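Structural description and commentary
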Amino acid sequence: MAEESHAVAGAAMPRHIAIIMDGNGRWATKRGLPRTAGHKVGAETFRKIAYYCKDIGIQYLTVYAFSTENWKRSAEEVNVIMLLLNRYLHELMELMARDHFRIRFFGDLTGLPPKLEQLAHQTDDVSSALPKDYCLVNLCINYGGRDEILRAARKYAADCAAGTRKPGELDESLFSSYLDSAGLPDPELIIRPGGEFRLSNFLLWQCAYSEFYATDTLWPDFTTDEIDKAIAAYARRNRRFGGV
Ligand code: IPE
Ligand code: IPE
Ligand code: MG
């Protein structure tokens, strides 16, 4: 069935979209370029898609930029990705107030190069002073869903040991408040460009009832039309949440 090519309004519109920005390396290899060239173009795609999502009224956008497993790549590739993140955070800090964005980080920032960690904290500080109705972009860097759950479990255990929490009072809502995504609604829609049908350790807790949309388009080729298509597909889904 042909998919609608325009975004939909109202209840069918997700509040929170999450994207696994995959396919940069293959995009570059196909063109005879080093993989890092794909990351550079992919970073531009991120900029374009973030502004589009904000413009169509998406309140929360969560993007997977670097996983806890991506350290397995060559030092050269990792360095270029860290440099790009550095450059983009500097730029975003300048633009957030003007363009009505806020930035938050998911992931273990302590595992990042110290300068990048510091920059992330500065970006966080600038963001927390901005109005809460600005579009919130969650950048997942050194992020893994399992790692996020483990870090939350450790914090909860520490609170129990300190006597401020009791093991028996832990429920889903309280546990959620210990995650990187504390206070945010779960993503209704997860988009994966790059042709793979897997989560690759993304938002394991939050995706329990997310709708999944995969496309073969590689992330550097990803366009705003693809966002419209994903939202239109989402609007046609019958979300039952275990009911009938
Ligand atoms: C996604 O693109 C970016 C990161 C994981 C950092 P890839 O680099 O995974 O691109 P492919 O999947 O190898 O094409
Ligand atoms: C997922 O892509 C991580 C990011 C997009 C940051 P990967 O390329 O790392 O995932 P796999 O290895 O194909 O599962
Ligand atoms: Mg990949």
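Read on for a plain summary of the structure. (Residues numbered from 1 in each chain as written. Chains lettered and ligands numbered in written order. Predicted model: local features only at pLDDT ≥ 70, side-chain atom pairs only at ≥ 80, totals over all residues. Heavy atoms only, no water.)

1. Remarks on the overall build of the protein chain
To keep things clear, this is the line we draw: For the purposes of this entry, the term helix denotes a DSSP run of H or I that reaches at least four residues, the term strand denotes a run of E that reaches at least two, and both are numbered from the N terminus. Between buried and exposed lies partly exposed: a residue is buried under 20% and exposed over 50% of the maximum accessible area for its type, with that area taken using a 1.4 Å probe on protein chains only. In this description, contact between two residues means that some pair of their heavy atoms is separated by no more than 4.5 Å. Accessible areas in this description were obtained via Shrake-Rupley with a 1.4 Å probe; residue shielding takes into account the shown protein chains only. His residues and chain termini do not enter the charge count, which takes Lys and Arg as positive and Asp and Glu as negative. Just so you know, the charge point we use is NZ for Lys, CZ for Arg, CG for Asp and CD for Glu.
If you tally the helices and strands in the protein chain, you get seven helices and six strands. Overall, the C-alpha framework of the protein chain stretches about 55 × 50 × 35 Å when taken along its three principal axes. Out of the 244 residues belonging to the protein chain, those deemed buried represent 48%. Long-range contacts, defined here as pairs at least 24 residues apart, represent 76% of the contacts in the protein chain between residues at least 6 apart. As presented, the protein chain carries roughly 12100 Å² of accessible surface, and 53% of it is formed by carbon and sulfur atoms. Measuring between centres, the 30 positive side-chain charges of the protein chain sit 2 Å from its 32 negative side-chain charges.

2. With respect to the sheet that holds strand β5 (residues 189-192)
Here is the rule we go by: Strand pairing requires that DSSP identify at least two bridges connecting the strands. For helices, the fitted axis covers only the stretch in contact; all axes are lines through C-alpha atoms, and the angles between them, taken along N-to-C directions, range from 0 to 180 degrees.
In spatial order, the strands read β3-β4-β2-β1-β5-β6; together these six strands make up an open sheet with parallel pairing. The sheet terminates laterally at β3 (101-106) and β6 (211-214), the two strands that pair on one side only. Taken pair by pair, the neighbouring strands of this sheet meet at an average axis angle of 20°, ignoring direction. As defined by bridge partners, β3 adjoins strand β4 (residues 135-143) across six bridges and the pair is classed as parallel. If you follow Ile 103 over to β4, its bridge partner there is Val 137. In this fold helix α3 (residues 75-99) packs onto β2 (60-67), β3 and β4, with an angle of close to 145° to the strand it touches most, β3.

3. Examining the site of ligand 1
To keep things clear, this is the line we draw: If a single non-hydrogen atom of a residue is within 4 Å of a molecule or strand, that residue counts as near it. In the analysis that follows, any N or O atom pair within 3.5 Å is treated as a polar contact, provided that within protein one partner can donate a hydrogen and the other can accept it, and provided that, for residues neighboring in sequence, both atoms belong to side chains. Each residue receives one of three labels: charged for Asp, Glu, Lys and Arg, nonpolar for Ala, Val, Leu, Ile, Met, Phe, Trp, Tyr, Cys and Pro, and polar for the others, Gly being one of them.
Taken together, 13 residues lie near ligand 1, and Met 21, Asp 22, Gly 25, Arg 26 and Arg 73 sit nearest. In this structure, Gly 25 approaches ligand 1 through a main-chain N or O atom, which is 2.9 Å from an oxygen atom. Within the backbone of Arg 26, one N or O atom sits 2.7 Å away from an oxygen atom of ligand 1. Contact with the protein chains hides 88% of the accessible area of ligand 1, taken as 380 Å² for the molecule alone. Those elements that place two or more of their residues in the shell around ligand 1 are α1 (24-30), α2 (35-55) and α3. The greatest single-element share of the shell around ligand 1, amounting to three residues, is contributed by α1. In the shell around ligand 1, the residues fall into three nonpolar, five polar and five charged.

4. So, the site of ligand 2
Neighbouring residues of ligand 2: Ile 20, Met 21, Asp 22, Tyr 64, Ala 65, Phe 66, Asn 70, Arg 73, Arg 192, Arg 198 and Ser 200. At a separation of 3.2 Å, an oxygen atom of ligand 2 approaches a polar side-chain atom of Arg 73. Measuring from an oxygen atom of ligand 2, one finds a side-chain N or O atom of Ser 200 at 2.6 Å. Among the elements that take part in the shell around ligand 2, β2 stands out by supplying three residues, more than any other. In the shell around ligand 2, the residues fall into five nonpolar, two polar and four charged.

5. Some thoughts on the packing of aromatic side chains
Put simply, the rule reads: Ring pairs are drawn from Phe, Tyr and Trp, using the six-membered ring of Trp, whenever the two centres fall within 6.5 Å, and their geometry is named by plane angle: stacked under 30 degrees, edge-to-face over 60, tilted for the rest.
For the structure shown, the criterion picks out ten aromatic pairs. Considering the side-chain rings of Tyr 64 and Phe 202, the 4.5 Å spacing of their centres and the 15° angle between planes classify their relative orientation as stacked. Of this pair, Tyr 64 sits in strand β2 while Phe 202 sits in the loop between β5 and β6; the two residues are 138 residues apart in sequence, bridging distant segments of the chain. Of the two residues, Tyr 64 and Phe 202, both sit in the buried class. With 4.8 Å between their ring centres and 75° between their planes, Phe 66 and Trp 71 make a pair best called edge-to-face. According to the relative accessible area criterion, Phe 66 is buried, its value standing at 1%.

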